Amino acid sequence: SVHVVDAQTGATLRRLTKGHELLCRDACFLRSNDVVSCSDDKSIVAWDSVTGQPVKRIKDAHEDVVKSICEVDGLVASCGYDGLAKLWDLRTGGSAVRQFNHRGQCEVIKQCGSSLFATAGGNDICVWDTSNDRAPVHRFRDAHARSVGALCVDADEDRLVTAGLDGLVKVHSLRDHTTVARAAARYAHECLCVAVAPENRVLVVGTARGLLDVRAREEKKHKDRKKTLQPPGGTFRHFNRGQGFAPGSSIKNLVVVGSNKTEHKRLAPHDEALRKFRYGDALDEALRTRDPIIVVS
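Sequence order as written defines the numbering, with residues in each chain counted from 1. Local features in a predicted model are, by the rule used here, given only for residues with pLDDT of at least 70; side-chain atom pairs are given and counted only at 80 or more, and totals for whole chains, interfaces and linings are based on all residues. Neither water nor hydrogens contribute to the side-chain values; these are computed over all heavy atoms in the structure.

J.: It is not clear to me how the packing of aromatic side chains should be interpreted in this structure. Could you clarify?
T.: The description of two aromatic rings rests on the distance between their centres and on the angle between their planes. Working definition: rings of Phe, Tyr and Trp (its six-membered ring) pair if their centres are within 6.5 Å, and the pair is stacked with planes under 30 degrees apart, edge-to-face with planes over 60 apart, and tilted otherwise. Under the defined criterion, the tally for this structure stands at two aromatic pairs. Seen in terms of ring centroids, F100 and F117 are 5.1 Å apart; in terms of plane orientation they differ by 75 degrees. Their pairing is edge-to-face. Taken together, the positions of F100 in strand β10 (residues 96-101) and F117 in strand β12 (residues 116-121) put the pair 17 residues apart, joining distant regions of the chain. Only protein chains enter the accessibility calculation, which uses a 1.4 Å probe; a residue whose area is less than 20% of its type maximum is buried, one above 50% is exposed, and one in between is partly exposed. Of the residues examined, F117 reaches a relative accessible area of 0% and is grouped as buried. Grouped by ring-pair contacts, the aromatic residues F100, F117 and W128 constitute a single cluster. Only DSSP runs of H or I reaching four residues or more are called helices, and only runs of E reaching two or more are called strands; each is numbered from the N terminus.

J.: Help me understand the sheet that holds strand β11 (residues 108-111), please; the structure alone is not making it clear to me.
T.: Strand order in the open sheet formed by four strands is β11-β12-β13-β14, and the pairing between neighbours is antiparallel. Of all strands in the sheet, those bounded by a partner on one side alone are β11 and β14 (138-140). Each neighbouring strand pair of the sheet contributes to a mean axis angle of 20 degrees, computed without reference to strand direction. At least two DSSP bridges between two strands are needed for those strands to be called paired. Across three bridges, strand β13 (residues 124-129) lies against β14 in antiparallel orientation. When the sheet's bridge partners are listed, I125 is paired in β14 with F140. Only the stretch in contact is used when fitting a helix axis, every axis being a line fitted to C-alpha atoms; angles between N-to-C directions are given from 0 to 180 degrees.

J.: Could you clarify how one ought to interpret the state of the cysteines in this entry?
T.: In a disulfide, the sulfur atoms of two cysteines are held together by a covalent bond. Pairs of cysteine sulfur atoms within 2.5 Å are what we label disulfides. On inspection of all chains with the given rule, the structure shows zero disulfides. Distance from the sulfur of C24, which forms no disulfide, to the nearest cysteine sulfur (C38) is 6.1 Å. Its relative accessible area of 0% is what places C38 among the buried residues.

J.: What is the right way to read the pattern of salt bridges from this model?
T.: The term salt bridge refers to a pairing of a side-chain nitrogen on Lys or Arg with a carboxyl oxygen on Asp or Glu at a separation within 4 Å. Evaluation of the coordinates by the stated rule reveals 15 salt bridges. Put simply, D41 and R57 hold a salt bridge, and the shortest N to O gap is 3.3 Å. Note that D41 is positioned in the loop between β4 (35-39) and β5 (44-47) and R57 in strand β6 (residues 54-58), a separation of 16 residues in sequence. A residue is classified by how much of its surface remains accessible, and R57, at 30% relative accessible area, is partly exposed. We note a salt bridge from D124 to R139, for which the minimum N-O separation is 3.5 Å.

Function-wise, these values are silent; they only describe arrangement.
Right under this line is the structure:
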């Protein structure tokens, strides 16, 4: 059966049953808010999400297990262990519009553009255009050391994130078809699912041992250019800043000496004579003051 779950509360909103005879492998929402699913019984079922009843059922969609399903350019795309990826128009009959040969058991299919989708099976990943079923746009050969287990695309549809049974998460560019990060994340066990948040800051990876790893990317803080241009203290540039430099509040441990300097008190003539050890002149200067205190001291 297929369950429609509220992402915020975790409550089951609808249970879609009586559509598949065997294990259900994958399901997704369509633009019409309906649900489409695939199963081990080689069938594809479209569900009405309001009533919970199956609207259309395609029997023997593939010659083997139908492993993954998604929507691409208004069509339903599926892949299976028969090594084929097929496009279906649910508004018409039960025949495939196009089919693409992945050359090996196909595990995952994911939309990665307006008319592009990616298939993963074995160690290879293929990027296809819906208008060309003869050859892929690009094939990432030996993308992982073991089978590729999951695919996802970032919000800009510019990066393809893959997770494999080798425990690695890799990032590939959909523009120039290069591998941007060969080990964006590394795990001790097989990776079975991967997802990227809409703002491209959070990466979620699930492993075969039940680990759900959530990683958030820290935003780089841009430094103030004015602060970076201020030379550090004790350097040659610090002492050659020029007269027009105005220190701001961000500069610490900076002592500014004002123009009103404290003047030292001049010594009296008799004290000046005593400082120079001229005792006779000191007595004469003290008598001139006619101050008995100064004369006696």
